[in-house]
Amino acid sequence: MSTAPRLRRDAQANVEKLRAAAIAVFSQRGLSAPLEDIAREAGVSIGTLYNRIGSRETLIDAVVPDIAGAKLRTLRERTLAQSTPRAQLETFIAEMIDLQRSDPAMNDAMLRRYPDAVLLINACERSMALGAELVANAHTAGVLTEDFTTDDLLTVLWMAGMASHDPTAPDGWRRIVDRSISAAWTTQG
């Protein structure tokens with residue numbers, strides 16, 4: 001059985017400082033924040049970041065549980081606490097858009113800007129699997145038009161994610177997203 005060599009105490013301290021700095025910087029500025037800024041925040045050189053962490057995607061995956069884990073679990077819990085398929089899907093959409101608007105790192109995650117960050121993509125896939133399940137449940141309950149698909153849900157969330165962080169986006173983007181969802185409910189919904 002092979003085990004990874006243990007890092008010296010100072011090297012391990014640098015890794016922990018880099019993780020903490022990445023969480024702070026990514027949460028504030030998104031996953032595309034310069035790695036130099038993370039190194040500076042941690043009080044180490046950029047060389048130390050690359051030597052101890054490696055790539056941006058490795059760093060992202062190192063902090064995904066801290067950045068996305070609890071937020072996505074809360075979204076899932078709030079969604080599934082709703083009593084009807086329509087309320088569940090509405091909650092999922094609203095909470096996902098709120099996450100994208102309020103947290104640049106979550107927005108980057110949901111837009112899958114770093115496809116080589118495996119843990120990040122896995123977290124996104126689990127959330128989108130929940131969205132697909134909610135669409136299917138709403139179809140089964142007869143409250144969602146059959147022509148509204150999981151791809152439509154992904155498109156609405158993509159539009160919201162792109163528009164919510166683009167300073168040149170038209171002010172009415174949220175109204176258009178809301179209209180798209182409103183038009184998808186059946187009259188019995």
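The shown structure was predicted, so the numbers you read here are calculated from the model rather than taken from an experiment.

(A) Inspection of the environment of isoleucine 97 at higher detail. Locating isoleucine 97 in the fold gives a position in helix 5 (residues 85-102). Spatially, the C-alpha atoms of isoleucine 97 and isoleucine 38 are 27 Å apart, while their sequence positions differ by 59 residues. Beyond its immediate chain neighbours, meaning those up to four positions away, isoleucine 97 contacts Leu157, Ala160, Trp173, Arg174 and Val177.

(B) Geometry of the packing of helix 5 against helix 7 (residues 118-141). At a closest axis distance of 8 Å, the pairing of helix 5 and helix 7 adopts a crossing angle of 150 degrees. The orientation of helix 5 relative to helix 7 falls into the category roughly antiparallel. As helix 5 packs across helix 7, the resulting crossing turns out to be left-handed. Between helix 5 and helix 7, the residues in contact are Pro85, Gln88, Leu89, Phe92 and Met96 and Ser127, Met128, Leu130, Gly131, Leu134, Val135, Asn137, Ala138 and Ala141, respectively. Taken together, the residues that form the contact of helix 5 with helix 7 break down as ten nonpolar, four polar and no charged.

(C) Molecular detail of the packing of helix 1 (residues 9-29) against helix 4 (residues 56-80). As a packed pair, helix 1 and helix 4 sit with axes 9 Å apart at the nearest point and diverge in direction by 80 degrees. As summarised for this structure, helix 1 and helix 4 are arranged roughly perpendicular, according to the angle between their axes. Contacts between helix 1 and helix 4 involve Leu18, Arg19, Ala22, Ile23, Phe26 and Ser27 from the first element and Arg56, Leu59, Ile60, Ala62, Val63, Asp66 and Ile67 from the second. For the contact of helix 1 with helix 4, the per-class residue count stands at nine nonpolar, one polar and three charged.

(D) Examining helix 5 more closely. Its 18 residues place the ends of helix 5 26 Å apart at the C-alpha level, agreeing with the 26 Å of an ideal helix rising 1.5 Å per residue. All buried positions along helix 5 are accounted for by Ala87, Gln88, Leu89, Thr91, Phe92, Ile93, Met96, Ile97, Leu99 and Gln100. Along its buried surface, helix 5 packs onto helix 4, helix 6 (104-110), helix 7, helix 8 (150-164) and helix 9 (173-182).

(E) Highlighting helix 7. In this model, helix 7 (24 residues) spans 34 Å end to end at C-alpha, consistent with the 34 Å of a helix rising 1.5 Å per residue. Glycine 142 lies just past helix 7 and shows a positive phi near 75 degrees.

(F) Representation of the nonpolar core in the model. Counting 57 residues, the largest nonpolar core has Phe26, Ile38, Leu89 and Phe92 as its most contacted members. Counting residues per element, the ones that place at least two in this core are helix 1, helix 2 (35-42), helix 4, helix 5, helix 6, helix 7, helix 8 and helix 9.

(G) Structural context of the pattern of salt bridges. In total, this model carries eight salt bridges according to the counting rule given. Put simply, aspartate 37 and arginine 29 hold a salt bridge, and the shortest N to O gap is 2.6 Å. One continuous salt-bridge network, built from bridges that share partners, spans Arg29, Asp37 and Arg40.

(H) How the structure looks around the layout of surface pockets. Roughly 250 Å³ of internal volume is contained in the largest pocket. Taken together, 13 residues line the largest pocket, and the ones lying closest to its centre are Gly69, Leu72, Arg73, Ala123 and Arg126. At the level of elements, helix 4 and helix 7 are the ones that each hand at least two residues to the lining of the largest pocket. Take the lining of the largest pocket: its biggest share by element is eight residues, from helix 4. Looking at the lining of the largest pocket, its residues break down into eight nonpolar, two polar and three charged. Estimated volume of the second largest pocket: approximately 170 Å³. Taken together, Gln100, Met110, Leu111, Arg112, Cys124, Met128, Leu154, Leu157 and Trp158 make up the lining of the second largest pocket. For the lining of the second largest pocket, the element with the most residues is helix 8, which contributes three residues.

Cut-offs and rules
- Residues numbered from 1 in each chain as written.
- Predicted model: local features only at pLDDT ≥ 70, side-chain atom pairs only at ≥ 80, totals over all residues.
- Heavy atoms only, no water.
- Helix = DSSP H or I, 4+ residues; strand = E, 2+ residues; numbered from the N terminus.
- Contact = heavy atoms within 4.5 Å.
- Axes fitted to C-alpha atoms, helices over the stretch in contact; angles between N-to-C directions.
- Parallel < 35°, antiparallel > 145°, perpendicular 65-115°, else oblique.
- Left-handed = near helix turned anticlockwise from the far one by under 90°.
- Nonpolar A, V, L, I, M, F, W, Y, C, P; charged D, E, K, R; others polar.
- Expected span 1.5 Å × (residues − 1).
- Buried < 20%, exposed > 50% of the residue type's maximum accessible area, 1.4 Å probe, protein only.
- Core = buried A, V, L, I, M, F, W, Y, C linked by side-chain atoms within 4.5 Å.
- Salt bridge = Lys/Arg side-chain N within 4 Å of Asp/Glu carboxyl O.
- 1 Å grid on protein atoms, 1.4 Å probe; cavity = no way out; pocket = protein on both sides within 12 Å on 5 of 7 lines; lining within 4 Å.
- Points joined across faces, edges and corners; volume = space filled by probe spheres on them.

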